Amino acid sequence: MSEAEKSGQVLVDLAGVRKEYGQAVALDGVTLQIRAGEAAAVMGPSGCGKSTLLNMIAGLDRPTAGTVTVAGHDLGRLGESALALFRRRHIGMIFQFFNLIDDLPALDNVALAAQLTGTPARTARARALDLLGELGVAGRKDAYPATLSGGQRQRVGVARALMNRPALLLADEPTGALDSRSGEQVMDLLIDLNQIGQTLLIVTHDLELATRCAGRLIEFADGQVVGQGAAGAGR
Amino acid sequence: MSAVWRTARAAVARRRVQTLLIGLVVLCCTATAVLALGLLDAATTPFDRAFEHQRGAHVVASFDAAKANPAALARTAARPGVQAAAGPFGQVVADFPRTTDIPEAEGPLTIAGRAGPGGPVDRVSVLYGRWARAPGEIVLNLPAADGPRRPQALGARLTAPGLPPLTVVGLASSMSRSADAWVTPAQMAALRPRAVQMLYRFEEAATGPELRAAMAALSDGLPAGALASAATHLALRQAFADLAAAYLPLLTVFGVLALLVAVLIVAGVVSGAVVSGLRHIGVLKALGFTPGQVVAVYLTMVSVPAAIGAALGAAAGAALAGPVLRAAFQGVDAGVAEIGFGGWVPGVCLAGMPLLVAAAALVPALRARRLSAAAAISAGSAPRPGRGLRVQRALGGARLPRPVSLGLGLPFARPGRTAMTMAAIVVGLTSVTLTTGLGVTMAAFAAADRPPAGQVGVRVGEAAFGENAPRLDDRRIEALLRSLPGVRQVTAKVFRQVRLAGQARRGDINFQRGDTSPLAAQVVQGRWFDGPGQIVAPPAFLSQRGLAVGDRITLLLNGRRAEARIVGRLMSGDARFAWASWDTLTALDPRASADTYEVRLAAGVDPRRYADAVRAADPGLHPSFSLETGTTAATVVGVAGVFTALLIAVAALGVFNTVLLTTRERRRELGVLKSIGMTPRQVTVMTVTSVAAQGAAGALIAIPAGMLAHRLIVDNVGIVEFPDAMKDVFQPSHLVALALAGVVIAVLGALAPACSAARLTVAAVLHAE
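This report concerns the structure included in the present document. (Residues numbered from 1 in each chain as written. Chains lettered and ligands numbered in written order. Predicted model: local features only at pLDDT ≥ 70, side-chain atom pairs only at ≥ 80, totals over all residues. Heavy atoms only, no water.)

## Details of the overall build of chain B
Here is step 1: Per the secondary structure count, chain B includes 24 helices and 20 strands.
Here is step 2: Counted over contacts in chain B with a minimum sequence separation of 6, partners at least 24 positions apart contribute 81%. (Helix = DSSP H or I, 4+ residues; strand = E, 2+ residues; numbered from the N terminus. Contact = heavy atoms within 4.5 Å.)

## A word on a nonpolar patch on the surface
Here is step 1: A cluster of nonpolar residues, B:Val736, B:Leu740, B:Val744 and B:Leu748, forms a patch on the protein surface that exposes about 380 Å² of accessible area.
Here is step 2: Mapped onto the fold, B:Leu748 is located in helix α23 (residues 732-758). (Patch = residues over 30% accessible without salt bridge, like charges linked within 9 Å, V, L, I, M, F, W, Y side chains within 5 Å. Areas by Shrake-Rupley, 256 points an atom, 1.4 Å probe, with all protein chains shown as cover. Salt bridge = Lys/Arg side-chain N within 4 Å of Asp/Glu carboxyl O.)

## Re empty space enclosed by the protein
Taking a probe equal in size to a water molecule and rolling it over the atoms shows the remaining empty space.
Residues and elements named next belong to chain B.
Here is step 1: Going through the model one piece at a time under the given rule, you end up with five cavities of 30 Å³ or more.
Here is step 2: Empty space within the largest cavity amounts to approximately 140 Å³.
Here is step 3: Forming the boundary of the largest cavity are 15 residues, of which Leu410, Thr662, Ser690, Val691 and Gln694 lie nearest the centre.
Here is step 4: Elements represented by at least two residues in the lining of the largest cavity include exactly α13 (402-413), α14 (415-448), α19 (631-665) and α21 (680-716).
Here is step 5: Among the elements that line the lining of the largest cavity, the one with the most residues is α21, at four residues. (1 Å grid on protein atoms, 1.4 Å probe; cavity = no way out; pocket = protein on both sides within 12 Å on 5 of 7 lines; lining within 4 Å. Points joined across faces, edges and corners; volume = space filled by probe spheres on them.)

## Considerations on the state of the cysteines
Residue and element names in this part refer to chain B.
Here is step 1: Taken as a whole, this structure holds zero disulfides over all chains when the rule is applied.
Here is step 2: Free of any disulfide, Cys28 has its nearest cysteine sulfur in Cys29, 6.8 Å distant.
Here is step 3: The class for Cys29 is buried, based on a relative accessible area of 2%. (Disulfide = S-S within 2.5 Å. Buried < 20%, exposed > 50% of the residue type's maximum accessible area, 1.4 Å probe, protein only.)

## Quick word on helix α7 (residues 180-195) of chain A
All names here are of chain A.
Here is step 1: For α7, spanning 16 residues, the distance from its first C-alpha to its last is 22 Å, which sits close to the expected 22 Å at 1.5 Å a residue.
Here is step 2: Three or more residues of α7 are buried, namely Ser182, Gly183, Val186, Met187, Leu189, Leu190, Ile191, Leu193 and Asn194.
Here is step 3: Two or three places before Arg181, at the opening of α7, Asp179 has a side-chain oxygen 3.1 Å from that residue's backbone nitrogen.
Here is step 4: Where α7 terminates, the next one or two residues include Gly197, which has phi positive at roughly 105°. (Expected span 1.5 Å × (residues − 1). Polar contact = N/O pair within 3.5 Å; in protein donor to acceptor, adjacent residues only side chain to side chain.)

## A few points about the sheet that holds strand β4 (residues 65-70) of chain A
All names here are of chain A.
Here is step 1: Here we have four strands laid out as an open sheet, ordered β2-β1-β4-β5, and antiparallel in their pairing. Two strands bound the open sheet, and with one partner strand each, they are β2 (24-35) and β5 (73-74).
Here is step 2: Bridge count for strand β1 (residues 10-21) against β4 is five bridges, and the pairing is antiparallel. Bridge pairing links Ala15 to Thr67 in β4. (Pairing = 2+ DSSP bridges.)

Below, the structure written as structure tokens:
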């Protein structure tokens, strides 16, 4: 168990969060806490507000009402630049469609996250290569995203998310665009990460992914948390 | 068609920025085209219109009254080839000293005796007052009818030696410039004219040879030597367009350049719009739009803003052309010609520019027509293989802030888009380099025609004009002028009409002594004279006499002869005049003395004060100076500046468009970069760096290209051979400024899209993708 998990401190704290897009309400008074070292999965039907929740926690979007506090930062009080710095230091994001930069090879895609913080290129590339090695794709370090398989792309995406040693790893349907074998590999990877203490929040439709990777299931419907419970699997 | 129209209208409304851009580019281009074509048209059309309205004389002929009797002259009207004739009118030349504030009533005036302003040829327009009805009345010719209104000149009494007092009863304008003033035939008879004037219109009068042939045929039956002089309408037309003509070839280059830039930029903008809309095209096809309807949607989408832009541009161009034309024709003896251009100019531009835009849109639209729906959709949204691997790797490892290295790598990742941006920058900057160079050359040329600031001309008074003669002799006058405070240089001059052995035409030689005239800087071949027997002449003087630099000629004056060699050719000048040293004159006329002194004052010296000092020292000296600082130069620079500003605007809009499209294409990528911690400032830095790099690279191509184009044009276009000093206009500081201009154009174009990219909401972008 990691030091963070031992301490059991609250890493993510949402209090009465509401998000409106014009007339539509995406989040309706969500109150939720995630502790350091925890692996939680948010489940629910399409359009229920799962991705909006993830965006709020990542500081990619702002709530209409309520507060979002992550790693002690009240995100509603931060400006655009401060939010960018917050994401660099505390958040790693894994996307369903990988969102790699087409024009950069795998190694530079991963190193980029560190280089934006001012880490020298040599140091950033060395760490990126280590991560790619740990995730089993070091051999494709010079390949462009378009020439990688889906599983390989997602591993590169995970490596990029881990590059700055984030306190919180957010995964939006991480296996949604993968075949079953690649999906399995990514699930194992996430479990491994959580086992070494990485706090994890997964948004998914996939019950198997949720139960295998997460210790807690959060059920979402119509922008509200409608149920929570221990998942237990994978722990 | 309703589905096509609705879809196109929706696309126009959805792509507001792009629609606005197309409209703005077309607006600027149309305004430029109207201005360019307007200047070309205005250079000749107004004269032709007014000349034809007055049934102007193709030839104003002056006959020796002693050799040709009026009846014989009247019969010339019936000669073959003569369309119409007027006359004979008695003609005298009288010197009028300055007694009034009417500039047209000063100096030697050609006066004709005419019963009225009408007739078959040269229907003079009476602008103020009336035609002369009785002896003692005179009507003056106003060379520029649109000048200040001067009805107060009516009633003024003019006096000249040997003439009775004449009262001004009318101010008129003759496009044929048949006379400087008119009196009644009875008054003319009392003046005992020794010349008779005939005004002719010929069937064939378009060229010099045609007119010479017509005049030769006409004077066949007249006694030898009866024809004293003949002034053609071609010379008048040339004089009208002279100011513009000197610059017209260069202005034409501006106009053609503007049109070229317009085509390139519009094609780029429209192509970009179509290429960026590929996904949209795919969706339309999937919905059941036929290929023809897809083409129609895209043509409509770009034609709507193009039509609006062209309409506004034509109006803006016409509005801008007014003051530009007024300035360009300032000082031209326009007579009653109204300076302006024909309605066809904005009409052609109004119709032509939207057609041009539609043609530019047609090529990419036809490409979209051929694409299958699936291919179009995937072309607009599928991930692309990476490009520029080596460059990207090198930049990824470079010791540069990552946003900067990412920005530098961007052009290599999108070669097609980079080519488009670079084309916009190169075309724009080449135009800027060329136009600024041409502007400087033309301004220098215009400035050379005017006395420089701080120059005072001192004329010796002549008793024949009722003026005091100077107390001092020639050498003492020069010494006096040099001794007064503030003098830098003095050149003593006199014009003498000399014969050139073996030549039919005489020449007016300006003999000079003292300090070298500033004219020496205008020598384009050979050198300025530096001793006796050396002559410098303009190209027209040499070509009309079959002479060239290095030729030897013999000057004849007062029964004396002097050998001389042509040592230099000037940039331009009148065919009558040439320049030589005083020593050459001494050989022809040992007692010659200067009648004019050109005094150049030190910087900061007030010419008024110097002129007062000259008058006080010797009332027989008449100093004059101009406080104007070259309106022609200012006009030329102004016109060049307008074109340059429009071209810069078009180029910046072209760059803006490509950057906007690139930014749109990269929305997802920018969202990803922001999601992993790129700050808004870093996004701006990255975007601006990518374009600034292209701006700098574009400058490396465009500046030499612009300089080369400038040199080619000033060497080969136009009627003037420019001296090197007017051609070597690109100084190092100028080049640095131009290179910076390339970067600035690019950065200005990129700034707004970069800032908009920095403000992208990551969640919205990634969600949309």
